[in-house]
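Understanding the architecture of this molecule
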Amino acid sequence: MNQIIIPIAIIGGMGLLFGLLLGLAAKIFAVKVDERVPKIIGVLPGANCGGCGFAGCSAYANALVKGGVRPNMCPVGGEKTAEAVAAILGVDNEQKEKMVARVLCNGTPDRALQKYIFDGPADCHSAARLGGGEKMCPHGCLGLGSCVKVCKFDAISVEDGVAVVDIEKCVACGACAAECPKKIIKILPAKSKYTITCKSVEKGKVTRHDCQVGCIGCGICAKNCPKEAITVKDNLAAIDPLKCVNCGICASKCPQHAINKVG
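This write-up is about the structure you can find in this document. (Residues numbered from 1 in each chain as written. Predicted model: local features only at pLDDT ≥ 70, side-chain atom pairs only at ≥ 80, totals over all residues. Heavy atoms only, no water.)

Quick notes on the pattern of salt bridges
Taken as a whole, this structure holds three salt bridges when the rule is applied. Asp34 is the partner of Arg36 in a salt bridge, and the nearest nitrogen-oxygen pair spans 2.9 Å. Look at Arg36 and you get partly exposed, because its relative accessible area is 24%. By relative accessible area, which is 28% here, Asp34 ends up partly exposed. With a shortest N-O distance of 3.6 Å, Lys191 and Glu97 are connected by a salt bridge. Of this pair, Lys191 sits in the loop between strand E4 (185–189) and strand E5 (194–196) while Glu97 is found in the loop between helix H4 (78–89) and strand E1 (99–103), placing the two residues 94 residues apart along the sequence. For Lys191, a relative accessible area of 44% gives the class partly exposed. On the accessibility criterion, Glu97 (36% relative accessible area) is partly exposed. (Salt bridge = Lys/Arg side-chain N within 4 Å of Asp/Glu carboxyl O. Buried < 20%, exposed > 50% of the residue type's maximum accessible area, 1.4 Å probe, protein only. Helix = DSSP H or I, 4+ residues; strand = E, 2+ residues; numbered from the N terminus.)

Now the structure itself:
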């Protein structure tokens, strides 16, 4: 009997010892977690969209407690979440300007010349690899919905071959802009109602041939802007949102209808 009991007692004792040692080691080498981290994670929306610039809500929460990161960087939670985070951190929350995604293309199939008919996977990246896509304009929206697939907020859709953003649903997380192979989606201030819906930097003659509504860099919009909010560089007009007062004169004067009111 002793031949059975003694080995069992030894193994049991060793297990207890090792358990105590592991427990002690866990306490000694434990990484201390700031108690504010779980509190911040609790008030964040949990979308893990990356719109704050971090891998997810947990990474953002850890960065906040380390300092140097603003509490209003979560585009999903908005000001309500920013206020809650600021309260946990004991800091002031600065008001953040609302941003939205804008699609810088208005070249629907009836307006934009096509090189061929793409008959491949419904994916913009696949189309872009085949001669840049079916549109003659190398900067035109391919309209196959890669941006739609990555949007977690159902804020973007494809209408008549061109991506369209629902301003009310958009949280400016930037996922669509990062996904677009043509890089024609930009995050811009929501207060700017007028957008140059074109990204072409080709010469005016080429752009006019490729698309009926492409910016040809004529400068008429800039000459008529009362606030000098428009400049033309590399054959493409650009609106300064800090100067624009949404008067709409530029849109009415543009001979190509390349400036449009959105939102």
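Observations concerning the side chain of Asn93
Tracing the chain through its elements places Asn93 in the loop between H4 and E1. A polar contact is formed between the side chain of Asn93 and the side chain of Glu83, at a distance of 3.2 Å. (Polar contact = N/O pair within 3.5 Å; in protein donor to acceptor, adjacent residues only side chain to side chain.)

Some thoughts on unusual backbone geometry
Positive phi, normally seen in glycine, also occurs at Asp160, with a value near 55 degrees. Checked against the element boundaries, Asp160 lands in the loop between strand E2 (156–159) and strand E3 (162–165). A relative accessible area of 52% means that Asp160 is categorised as exposed. Positioned with a positive phi, Lys183 is a non-glycine residue whose angle comes to about 55 degrees. Along the polypeptide, Lys183 turns up in the loop between helix H7 (175–179) and E4.

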